[in-house]
Amino acid sequence: GRLTIANAHTLAAGGSRFDLRGSGTVFVETGTFAEATSTVRYGGTVGSSVLSTTYYNLEVMALGGSPTFNTSGLGIIVSNALSVGGAATTTFTLDASDPALDVNGSVRIDSLGTLVGSASALFTVAGDWDNNGIFTGSGGTVTFDSSATSLIDAGNSSFSNATINGSGAFTI
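Residues numbered from 1 in each chain as written. Predicted model: local features only at pLDDT ≥ 70, side-chain atom pairs only at ≥ 80, totals over all residues. Heavy atoms only, no water.

Colleague: Tell me about the sheet that holds strand 4 (residues 24–25), and name the residues and values.
Modeller: Pairing in this open sheet of seven strands is parallel, and the strands run 4-8-10-12-15-18-21 from one edge to the other. The sheet is open, and its two edges are formed by strand 4 and strand 21 (157–158), each paired on a single side. The sheet contact formed by strand 18 (residues 134–136) and strand 21 spans two bridges and is parallel. Residue pairing for strand 21: Phe-135 is matched across the bridge by Ser-157. (Pairing = 2+ DSSP bridges. Helix = DSSP H or I, 4+ residues; strand = E, 2+ residues; numbered from the N terminus.)

In structure tokens, the structure reads:
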């Protein structure tokens, strides 16, 4: 489905799950999205545009085909977990519009997932990095900035630049 939050309206998401499918823009936010502990999943069999906003959990997981999901806007904040890859080959690319991506929890790339980083925008991760798929750095930098213990399981990660800049303990 599609989700629209109109101007002067607020969606208090609580712990809800939103499954967004379709091509183009499937999430429009001119009002306020209060993410709480919700999960927003971009899925389906065709790619769509992942909205620049704040998510608690963000999942980019195709259900069929081999879609590519792009971004729109200036930046994405994920308060808890980012997951890429699903029942079908899934590509999530940040390289087309180069939004900043701030994940304040973990990043998981499943075996059918590909995450393409931005060539120029900030990409920070404050939790674990678990890659069972593919990560392409595109010339950009991934900064690990956790204050807790974090595991970086790079798998098939082609980091262009990686920086550890947190006070936590990191295991690679």
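Colleague: Mind laying out the pattern of salt bridges, listing which residues take part and the relevant values?
Modeller: It is possible for side chains of opposite charge to pair when their charged atoms get near one another. Taken as a whole and assessed by the stated rule, the structure comprises four salt bridges. A salt bridge links Arg-17 to Glu-59; the nearest nitrogen and oxygen atoms lie 2.5 Å apart. Here Arg-17, found in strand 3 (residues 17–21), pairs with Glu-59, found in strand 9 (residues 54–60); they are 42 residues apart in sequence, far enough to count as distant. Glu-59 gets classed as buried once you look at its relative accessible area, which sits at 13%. Between Arg-108 and Asp-110 there is a salt bridge whose closest N-O contact spans 2.8 Å. (Salt bridge = Lys/Arg side-chain N within 4 Å of Asp/Glu carboxyl O. Buried < 20%, exposed > 50% of the residue type's maximum accessible area, 1.4 Å probe, protein only.)

Colleague: Which residues make up the side chain of Thr-143, and what are the values?
Modeller: Among the secondary structure elements, Thr-143 is positioned in strand 19 (residues 141–144). A relative accessible area of 18% means that Thr-143 is categorised as buried. Beyond its immediate chain neighbours, meaning those up to four positions away, Thr-143 contacts Phe-123, Thr-124, Val-125, Thr-163 and Asn-165. (Contact = heavy atoms within 4.5 Å.)

Colleague: Give me the lowdown on the environment of Ala-62, citing residues and values where you can.
Modeller: Mapped onto the fold, Ala-62 is located in the loop between strand 9 and strand 10 (68–72). Put simply, Ala-62 and Arg-41 are 21 residues apart on the chain and 9.3 Å apart in space, counted from C-alpha to C-alpha. When sequence neighbours within four positions are dropped, the list of residues in contact with Ala-62 reads Gly-44, Pro-67, Phe-69, Gly-86, Ala-87, Ala-88, Thr-89 and Thr-90.

Colleague: I'd like a rundown of unusual backbone geometry, residues and numbers included.
Modeller: We note that Ala-8 has phi near 70 degrees; this positive angle belongs to a residue other than glycine. The residue Ala-8 is located in the loop between strand 1 (3–5) and strand 2 (10–12) in this model. Despite not being glycine, Asp-98 shows a phi value in the positive range, around 55 degrees. By the element assignment, Asp-98 lies in the loop between strand 12 (90–93) and strand 13 (100–103). According to the relative accessible area criterion, Asp-98 is partly exposed, its value standing at 26%.

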